[in-house]
Each structure stands twice: as C-alpha cells, then as structure tokens.
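# Observations on the model geometry
Residues per chain, in single letters:
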Amino acid sequence: MTSANSLFGPLDPAPDAGYVDAPKRKGFFTDTSVCIGCKACEVACKEWNDVPENLYEMLGTSYDNSHSLNANQWRHVAFIEQPAGRSSVGLPPTISDAPGRDSVDLGMPTLGAAPTEVPEDEKPDFRWLMSSDVCKHCTHAACLDVCPTGSLFRSEFGTVVVQDDICNGCGYCVAACPYGVIDRRRGPEGDPKVGIAQKCTLCYDRLKDDQRPACAQACPTESILYGDVEELRERASARVATLHEQGVMDARLYGNDPDDGVGGTGAMFLLLDEPEVYGLPPDPVVTTKDLPQMFRRAGMAGTAMLAGAALAFLRRTP
C-alpha cells in the first residue's frame, strides 16, 4: 500500500530500495514530556560522529545556545519558554494543580519539595517546552530524489545517510528538505568536510554493530527511544493516551502518520503544543511529490511539439 502523495514505493522504504530480507525499519521516538533539556544527546552525537563545535552564543531569546539543526548540530535541544498569560489547560495535576491558573510552572522540585508542595507565590510564571530535534528520515525523502551523485542513500534500516566522499556540495538536498534539516558544513577552516552536506545518520555505523544510536544511549530520562518504527508508533500512541488520561490534552504525535505529506517519518515526536511552537512545519510535504506528473506533462508537451514539427515539415514537402 502506498500513500496517496507518495513518490516512490511502499511505506517500508528499505525493500523498495532493493534490500532483500532487510531488517525492520529503525527510528526514534522522542517524548518531549520527559525531556529535561540536559543536552546529553547533543554532546553524545558530537563525540561519536566527530561533529565540530557549533557557534555557542546566547541569543538573548532563550537559554538554548545551540540555536538549531545544522551541519554542525545533528541533534538540537530547543528551550522554548512560554511566559505568563499562556493558558495551562492540558497540564496534568502533578504539574499544575491550580484550576484556571494562567501561568505554568516548570514542574521541577524547588529546595527538595515536590511540585505540588511549592507555595503558589514561589512558582515561576512560565514553563519550558524542551524538545530534542533531529533529521526525520522521511519515508519519501526529497533529499534522496534530488541528489545528483548518489551521495545520499537509503540504508537497510530504512534511514537516510550521507556519504561524505561522494557529495559534491551542490546543495540541492538543502533546498529540497521540507524540514530544513540538512545543511552544508561551513567550518572550521581546514575541515575537509567544509561544503559537504551533513545531517543525522541515526548512527548508521552503530546500527550495523547492533548498538543504539549515541543520543538514545546517552539520554538519562529515556526521552529518546530507539527501535523498530512500528513498535515505536504503538508506544507513542500509548504514551499519548496515558497523558490524555492524566489531563494533558495538548499532547499529540508528530511524524507518525503514514498518510501525511512525506509518508510518515522514521523520527516521531510527542509534542505538548502545536508543531509551529517547536519550529516544525504543521503539514510537511515532500518537495518532489509532483515530479512524476511534471515529467509526464513535459514528455507529452515534447511529443506534441515533435509531432507538430513533423506535420509542418510534411506539409511543406513537395
């Protein structure tokens, strides 16, 4: 079965890429409701994949100093601060037990006290939404479609990997990604990978040795779960159901719908607000989805032009 807006193949991309007896598709489920913003995943990713230092500067808009996903930041933990005035509807009683309260506390202990034991006047008037973002490893990946050198390839685990030694730095994949994930490395000076497309590989080398990706291995709260995509979908749905039972009605899944504009992703997220709040597109669409139709129309137009030229030539022939 294929998605209505799919470009190539079935929903399990590895067999479609030619792998015989491929293992089950692997991916991530990131539960932002238990992310504490420690950035251990960022550090582990950089250390394992030898990703160079990013521009660590405070922007004045957040405590986050790694800014965004880019060629030097394959995992990015966003600190999204929501100030007083935002409704706390949807937060569980263990986080905000004051009905109708406009401000939202962080749900973290203060001086050893449980969140519900903190005096009302000592609770902060904001909350942080923390989310560890990463490449989505799309089912229908536009970056794969547009790569002219074959640098990007679909692995046997269904993930999308960049081969540094084949990439020519054209940047087509950068423009094609609907999430703005993939990027070309800009530095440091002397780095042989400058200009080369870079992004998360789901630690492809670790997967081949039956190891978990470095970020999932390092996460102290198990906010980042790694495993079979179908199993992760089930766990994600169960987690949302649990949060809804606890009163967290804002909890929702992102990237888990096989019928969305990219055929579902290999990296899913549990969010506590709208996708736009996290800097995610609400309705991502694979940017190459219209290519087959465009090619057909171009072919028909070309055929019509040739037929017209031939007809004109025949009419002028004595």
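Bear in mind the structure is a predicted one, so any value in this text is a computation, not a measurement. (Residues numbered from 1 in each chain as written. Predicted model: local features only at pLDDT ≥ 70, side-chain atom pairs only at ≥ 80, totals over all residues. Heavy atoms only, no water.)

The next subject is the overall build of the chain. A tally of helices and strands in the chain yields 8 helices and 10 strands. Relative to its full complement of 318 residues, the chain shows a buried share of 47%. Taking the contacts inside the chain whose residues are at least 6 apart along the sequence as the reference set, 62% of them involve residues at least 24 apart. When the accessible area of the chain is evaluated, it comes to approximately 16,200 Å², of which 55% is carbon and sulfur surface. (Helix = DSSP H or I, 4+ residues; strand = E, 2+ residues; numbered from the N terminus. Buried < 20%, exposed > 50% of the residue type's maximum accessible area, 1.4 Å probe, protein only. Contact = heavy atoms within 4.5 Å. Areas by Shrake-Rupley, 256 points an atom, 1.4 Å probe, with all protein chains shown as cover.)

Time to look at the side chain of T265. On the secondary structure map, T265 appears in the loop between β9 (252-254) and β10 (267-271). A polar contact of 2.9 Å, which involves the side chain of T265, links it to the backbone oxygen of G255. Only 2.7 Å separates the side chain of T265 from the backbone oxygen of A267, close enough to count as a polar contact. Excluding its chain neighbours within four sequence positions, the residues that come into contact with T265 are R25, K136, H137, C138, T139, Y179, V229, R233 and G255. (Polar contact = N/O pair within 3.5 Å; in protein donor to acceptor, adjacent residues only side chain to side chain.)

Next up on the list: the sheet that holds β10. The 4 strands lie next to each other as β8-β1-β10-β9, forming an open sheet whose pairing is mixed. Two strands bound the open sheet, and with one partner strand each, they are β8 (224-228) and β9. Averaged over all adjacent pairs, the angle separating strand axes in this sheet is 20°, with direction ignored. As paired strands, strand β1 (residues 26-31) and β8 are joined by 5 bridges and run antiparallel to one another. (Pairing = 2+ DSSP bridges. Axes fitted to C-alpha atoms, helices over the stretch in contact; angles between N-to-C directions.)

Right, let's talk about unusual backbone geometry for a bit. Backbone geometry places K39, a non-glycine residue, at a positive phi of 65°. Although it is not a glycine, D50 sits at a positive phi angle of roughly 55°. With respect to the helices and strands, D50 occurs in the loop between α2 (40-49) and β2 (76-82).

Its location among the elements puts F153 in strand β4 (residues 152-154). Along the sequence, F153 and Q163 sit 10 residues apart, while their C-alpha atoms lie 7.8 Å from each other. Leave out the neighbours within four places in its chain, and F153 touches Y19, L144, T159, V160, V161, Q163 and Y204.

Let us look at the packing of aromatic side chains. This structure, assessed with the given rule, holds 3 aromatic pairs. With 6.2 Å between their ring centres and 50° between their planes, F79 and W128 make a pair best called tilted. With F79 in strand β2 and W128 in strand β3 (residues 127-133), the pair connects residues that are 49 residues apart, well separated along the chain. Given the relative accessible area of 23%, W128 is considered partly exposed. When the centroid spacing of 5.8 Å and the interplanar angle of 75° are considered together, the rings of F153 and Y204 count as edge-to-face. Within this pair, whereas F153 is found in strand β4, its partner Y204 is found in helix α5 (residues 204-208), the two being separated by 51 residues in sequence. (Phe/Tyr/Trp six-rings, centres within 6.5 Å; stacked < 30°, edge-to-face > 60°.)

Attention shifts here to the state of the cysteines. Scanning the model with the defined rule gives 0 disulfides in all. Of all cysteine sulfurs, the one in C170 lies closest to C173, which takes part in no disulfide; the gap is 6.1 Å. (Disulfide = S-S within 2.5 Å.)

The subject of this paragraph is the confidence of the model for the chain. Taken as a whole, the chain shows an average pLDDT of 81; of its residues, 75% reach a score of 70 or greater. Across residues 1-10, where pLDDT falls below 50, the model places 27 contacts with residues more than four positions away in sequence or in other chains. Across residues 87-114 the pLDDT falls below 50, and counting only partners more than four positions away or on other chains, this stretch makes 55 contacts in the model. (pLDDT = per-residue confidence, 0-100.)

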